[in-house]
Amino acid sequence: MHNLVSQITQAVKDVLFPVFCLLCEDEGVWLCNACLASVEIVRTQYCPVCHRETKGGIRCSICAHAGFLDTHTALFVYGRQYIAEKLLHVLKYEYAEDVMQVISVIVQHACKESPSWLGSAGVIMPVPLHKKRFAERGFNQATLLARVLSESVDIPMVYGLKRGKATEQQATLSKQERMANVRGVFEVTQDVEGLNILLVDDVYTTGSTMQECARVLRVAGAKSVMGWSFARGE
Ligand SMILES: [Zn+2]
Ligand SMILES: [Zn+2]
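Residue indices follow the written sequence of each chain, beginning from 1 at its first position. By the order in which they are written, chains take letters starting at A while ligands take numbers starting at 1. Local features in this predicted model are restricted to residues whose pLDDT is 70 or higher, and side-chain atom pairs enter the listing and the counts only when it is 80 or higher, whereas totals over whole chains, interfaces and linings include all residues. As a rule here, side-chain values come from all non-hydrogen atoms in the structure, and water together with hydrogens is ignored.

A.B. asks: Explain the sheet that holds strand S1 (residues 44–45) to me, using residue names and the numbers behind them.
C.D. replies: Pairing is mixed across the open sheet formed by five strands, whose spatial order is S1-S2-S7-S6-S3. Of all the strands in the sheet, just S1 and strand S3 (123–126) have a single pairing partner and so form its edges. Strands are labelled as partners when DSSP assigns at least two bridges between them. Elements are defined by DSSP. Helices are runs of H or I of four residues or more, strands are runs of E of two residues or more, and each kind is numbered from the N terminus. Relative to strand S7 (residues 224–232), strand S2 (residues 72–77) runs parallel, the two sharing five bridges. Bridge assignment links Phe-76 to a residue of S7, and that residue is Ala-231. Running over the sheet, helix H6 (residues 141–153) touches S3, strand S6 (196–204) and S7 and is turned about 130 degrees from S6. Whether two residues touch is decided by their heavy atoms; if any such pair falls within 4.5 Å, the residues are in contact. Axis geometry follows a simple rule: fit a line to the C-alpha atoms, using only the stretch in contact for helices, then measure angles between N-to-C directions, giving values from 0 to 180 degrees.

Below is the structure:
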């Protein structure tokens, strides 16, 4: 019965809001099979502090004692791969949760090829969204991504962070302003003592949000905190 209802709902949605391939504009799906096959995953690893490329995404020698994230990996780079930007835009600003089907296939594929960036991760944890934003959107894109990742690599997902006060949109702020903007925003809600945590977010720009999450997790006793995002800024 539930299946029938969802089939009908989908049929109605297809008529009211037809979907077109984001790359070739063929009707029917967010990304057709031919275009999906052409998507090139870059898997970029770089110092989480200064954004210099490093092996395994570890902190470079200059930043060895800076920041709280041990590594960072992203599947795509904004500006270089239009499709990553497009997929996240549709997900976040057109509230199209079903585009996650395409994103999931890409993430699963990326996990098959080389999961070495997982390092010693024992749990996967999404960067939380403020409850006001969650209410507007109906989902947290970081949680959706963390869930797909968790299923793909068979590492449990846990919620260990809460976002306290709502912050200004980070997009218009400088790196310094972004760091001040997120300072003290996150709260640890779980026992994280001794855990190796892989933090997940949709985009990594200056890294201030993830660095602040990593900071509070470290203070709460986490052994290591690594970062993973679907895309990163240049
Ligand atoms: Zn296409
Ligand atoms: Zn560095």
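Back to the text.
A.B. asks: Describe in detail the packing of aromatic side chains, supporting the description with residues and values.
C.D. replies: By convention, a stacked pair of Phe, Tyr or Trp rings (six-membered ring in the case of Trp) has centres within 6.5 Å and planes under 30 degrees apart, an edge-to-face pair has planes over 60 apart, and any other such pair is tilted. Using the criterion set out here, one finds two aromatic pairs in the structure. Considering the side-chain rings of Phe-76 and Phe-230, the 5.1 Å spacing of their centres and the 55 degrees angle between planes classify their relative orientation as tilted. Note that Phe-76 is positioned in strand S2 and Phe-230 in strand S7, a separation of 154 residues in sequence. For the pair Phe-76 and Phe-230, a shared accessibility class is recorded, and that class is buried. Geometry around Tyr-93 places Arg-137 over its ring, the cationic atom sitting 5.8 Å from the centre. In this scheme, the term charge over a ring applies when either NZ of a lysine or CZ of an arginine sits within 6 Å of the ring centre and within 35 degrees of the ring normal. A cation over an aromatic ring shows up here: Arg-232 above the ring of Tyr-46, its NZ or CZ 3.9 Å from the ring centre. Each residue is assigned to one of three classes by its accessible area relative to the maximum for its type, calculated with a 1.4 Å probe on protein chains only: buried under 20%, partly exposed between the two thresholds, exposed over 50%.

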